[in-house]
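As a plain string of letters, each chain reads:
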Amino acid sequence: MVSTWLSATLYDIAARYDHDRHALLQMLRAVQAARSCVPEEAIQFFARHLNVPIVEVRGCVEFYSFLHATPRGQYDIYFSDSPTDRMAGSLVAAERLAARLGVEFGVPRPDGRVTLGLTSCTGHCEQAPAGLVNRRVFTRMTEDRVDRMADLIERGVPVEQWPEVWFHVENSIRVSGPTLETHVTPGDALRASLVRGLPQTLDEVEASGLQGRGGAGFPVGRKWRGAYETRGIHYITCNADEGEPGTFKDRILLAGYADELFEGMTIAGLIVGAEKGYLYMRGEYEYMLSGLQEVLASRREAGLLGEDVCGSGQNFDIIIHLGAGAYVCGEQSALLESLEGRRGIPRIRPPSAVKKGLFGQSTVNNNVESFVQAAQIALMGGAWFADLGEEKSRGTKLLSVAGDCTRPGIYELPLGVTVRELLERCGGSHAKAVQVGGAAGRTVGRAEFERHISYADLATGGSIMVFDERRDMVDLARQFAHFFAHESCGFCTPCRVGTQMLQHYADKLASCQGSRHDLAQIRSIGQMVKGYAHCGLGETAPNALLDTLERFPEEYEAHLLPEADFVPDFDLDAAVSEARALTGRDDRLHQLEHGKVEAES
Ligand code: SF4
């Protein structure tokens, strides 16, 4: 039974989103923020009010990491847990805070004061240890800050009164290139597109050679052309989910280049004939929401959004939706599902999103960097962009560099730059390995540092993690295996089961309990998951394990039990020991190993 008071509050939340079923995730986020959980009453209310099956509403609450069916603590804290965060001490800091507060990870303290947990990378790796407290980002957590944080929590001091410096986020730009140096005056790229002609602007985007900056590299112009030639209603969606561990370059663009981003989305909208665009931004970046809303408001005020955009005779506006902690929503079709207010389960393809995307209509989906660069191309022309980079990878790329280097941060460099050049620039020349492309990317060792960061060789959405001699590659691969086992959406068996099995074998090896048989299992299961998974998450989930096995075999050898070709995963003797003790049959003959020996002798 829903109380009158709660019912009114929930109704207000639904009204804020026009009672639109597709905004269900946004409504659930609002309830979570107001009540520190999504109670059963709210699930029932939205099911009835929006005419959505209750299992769908409940499924959403269970699917997204930042939604909870039971209350979190008054202080809800997550430490960012990517490998580079750990290298900077995030786990140590989180454990110290847990000890100071007497709280178990993931379990609210009995007095309801605090909950503490780990979450996948929050996108602030160059300022690690970082995390979230009551949805606010904190950075550079030190031992002293942890101790003071514990004290503030015990004294019940509101987060708003904590030292502001703890929440300071730097922009961390180390090397700027044409993208970061070209600020488009609001409306200039739009006007240039309209003067040139929208079809001609599409030609320019195609001529630029711009490829999707999320990492997959599909030509942006070709995608826009596909939508332009598709009849019917169109939508523009921007992927600002940026969940790949080690990636934080969209954060920089969202903070400092929002006008360029919205201008790129608007130009795409006018070209393909869309009237609405959605920016899907990861929940961890909520602190940027009000600033982005202000930019949208000023663009509406200036006639750059809304009716008759820039005198074009066309309407276009942009809505921002927030994610709620699900890495898989970075996958295009999962993102569309999430935008429709459902769990982020990747769709079956074909059809492509260009043919049948958001709400079943033709949709252009690109990421933040792609739209920013598209706006700049609309202003400067395709040749300006195509002159940079290399033949099959045009332009520059923003790289987020973190880990064992003296100058972590954002590097805008022409595509085709070698790993070695990048390492020299960021102070990571002593590296023994680099992870290009995050958890889903590729691990390369010193012998491959002449390889190029480009779509033709080592593709990346932006993540570059640097590891030096101190790092245990087996343990790093284990961390990535855990990440995928946690983030698998569970839709298809190869990924759901395979990532769990890979996690198991990685744990066994990292704890020096493995054998050669386990290495063979990882290779075989890894290939199976890559070959049969339904979406890109599963296809890339085994990469780190397989790459490190191939490139750092000596480190795996050092983790094996001596002379062991096979170590059983299940200790049958230990499993039946309690039953033996209860029945008093604990003699040597009933010890499986010894019994076998005695029976044979
Ligand atoms: S591969 Fe993994 S993430 Fe993708 S649909 Fe299958 S279970 Fe979900």
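Everything here concerns the structure above.
The rules behind these values
Per chain, residues are indexed from 1 in the order of the written sequence. With the structure being a predicted model, the display of local features is reserved for residues of pLDDT at least 70 and the display and counting of side-chain atom pairs for 80 or more, all residues being used for whole-chain, interface and lining totals. Each side-chain value is derived from all of the structure's non-hydrogen atoms; neither hydrogens nor water enter the calculation. Nearness of a residue to a molecule or strand requires only that one of the residue's heavy atoms be within 4 Å of it. Classification convention: Asp, Glu, Lys, Arg as charged; Ala, Val, Leu, Ile, Met, Phe, Trp, Tyr, Cys, Pro as nonpolar; all other residues, Gly among them, as polar. When a carboxyl oxygen of Asp or Glu is within 4 Å of a side-chain nitrogen of Lys or Arg, the pair counts as a salt bridge. Accessible area is worked out with a 1.4 Å probe on protein chains only. A residue is then buried under 20% of its type maximum, exposed over 50%, and partly exposed in between. Two aromatic rings from Phe, Tyr or Trp, using only the six-membered ring of Trp, form a pair when their centres are within 6.5 Å; if the ring planes differ by under 30 degrees the pair is stacked, by over 60 it is edge-to-face, and anything between is tilted. Secondary structure elements follow DSSP: runs of H or I of four or more residues count as helices, runs of E of two or more count as strands, with numbering from the N terminus. Cation placement over rings: the criterion is NZ of Lys or CZ of Arg within 6 Å of the ring centroid and within 35° of the ring normal. One bridge is not enough; two strands pair if DSSP finds at least two bridges between them. Geometry is summarised by axes, namely lines fitted to C-alpha atoms with helices restricted to the contacting stretch, and by angles between N-to-C directions that run from 0 to 180 degrees. Only heavy atoms matter for contacts: two residues are in contact if any of them lie within 4.5 Å across the pair. Polar contact is defined as a pair of N or O atoms within 3.5 Å, subject to the rule that within protein one atom must be able to donate a hydrogen and the other to accept it, and that residues adjacent in sequence are counted only when both atoms are side-chain atoms.

Asker: Residue-level account of the site of the ligand, with values.
Answerer: Near the ligand you find 13 residues, and of these Cys489, Phe491, Cys492, Cys495 and Cys535 are the closest. Grouping the amino acids of the shell around the ligand by side-chain chemistry returns 9 nonpolar, 4 polar and no charged.

Asker: With reference to specific residues and values, describe the pattern of salt bridges.
Answerer: The full count for this structure, using the stated rule, is 46 salt bridges. Of the charged contacts, one joins Asp76 and Arg72 as a salt bridge, the two residues approaching to 3.0 Å between their closest N and O atoms. Residue classification places Arg72 among the buried positions, given a relative accessible area of 11%. In the salt-bridge network here, residues are joined through shared partners; they are Arg442, Glu448, Arg451, Asp457, Asp547 and Arg551.

Asker: Account for the packing of aromatic side chains, with residues named and values stated.
Answerer: Counted according to the given criterion, the structure contains 14 aromatic pairs. Residues Tyr75 and Trp162 carry aromatic rings whose centres are separated by 5.8 Å and whose planes lie at 15° to one another, so their mutual orientation is stacked. Highlighted residues: Tyr75 in strand 1 (residues 75–80) and Trp162 in the loop between helix 7 (143–154) and strand 5 (173–175), separated in sequence by 87 residues. With a relative accessible area of 2%, Tyr75 lands in the buried category. A ring pair is formed by Tyr235 and Phe359, whose centres lie 5.2 Å apart and whose planes are at 80°; its orientation type is edge-to-face. Here the residue Tyr235 occupies a position in strand 6 (residues 234–240), and Phe359 occupies one in the loop between helix 15 (332–339) and strand 9 (362–367), the gap between them amounting to 124 residues. Phe359 gets classed as partly exposed once you look at its relative accessible area, which sits at 23%. Within the aromatic cluster, the residues linked to one another by ring pairs are Tyr75, Trp162 and Trp166. The ring of Phe167 has Arg136 sitting right over it, with the charged end atom 3.9 Å from the ring centre. Its guanidinium or amino end placed over the ring of Phe218, Arg222 lies 5.3 Å from that ring's centre, counting from NZ or CZ.

Asker: A description of the sheet that holds strand 12 (residues 396–403) should follow, citing residues and the corresponding values.
Answerer: Either a parallel or an antiparallel arrangement is found when strands of a sheet pair, and the pairing is made through backbone hydrogen bonds. Taking strand neighbours across the sheet as the criterion, the 6 strands line up as 5-13-12-16-14-15 in an open arrangement whose pairing is mixed. The sheet is open, and its two borders are formed by strand 5 and strand 15 (442–445), each paired with just one other strand. Averaged over all adjacent pairs, the angle separating strand axes in this sheet is 30°, with direction ignored. Pairing analysis gives 6 bridges linking strand 12 to strand 13 (residues 409–414), with the strands arranged antiparallel. Looking at strand 13, one finds that Leu398 is bridged to Glu412. Across the sheet, helix 23 (residues 543–551) lies against strand 14 (433–436) and strand 15, angled at about 20° from strand 15, the strand it touches most.

Asker: Please provide a residue-by-residue account of the environment of Gly177, values included.
Answerer: Counting through the fold element by element, Gly177 comes out in the loop between strand 5 and helix 8 (178–181). Measuring from C-alpha to C-alpha, the distance between Gly177 and Lys397 comes to 8.8 Å, with 220 residues separating the pair along the chain.

Asker: Give a description of the side chain of Arg72 that names residues and reports values.
Answerer: By secondary structure assignment, the location of Arg72 is in the loop between helix 4 (54–63) and strand 1. In this structure the side chain of Arg72 is engaged in a polar contact, spanning 3.0 Å, whose partner is the side chain of Asp76. For Arg72, the side chain forms a polar contact with the side chain of Tyr78, separated by 3.3 Å. Residues within four places of Arg72 in sequence aside, it is in contact with Gln32, Ser36, Tyr78, Gly106 and Thr115.

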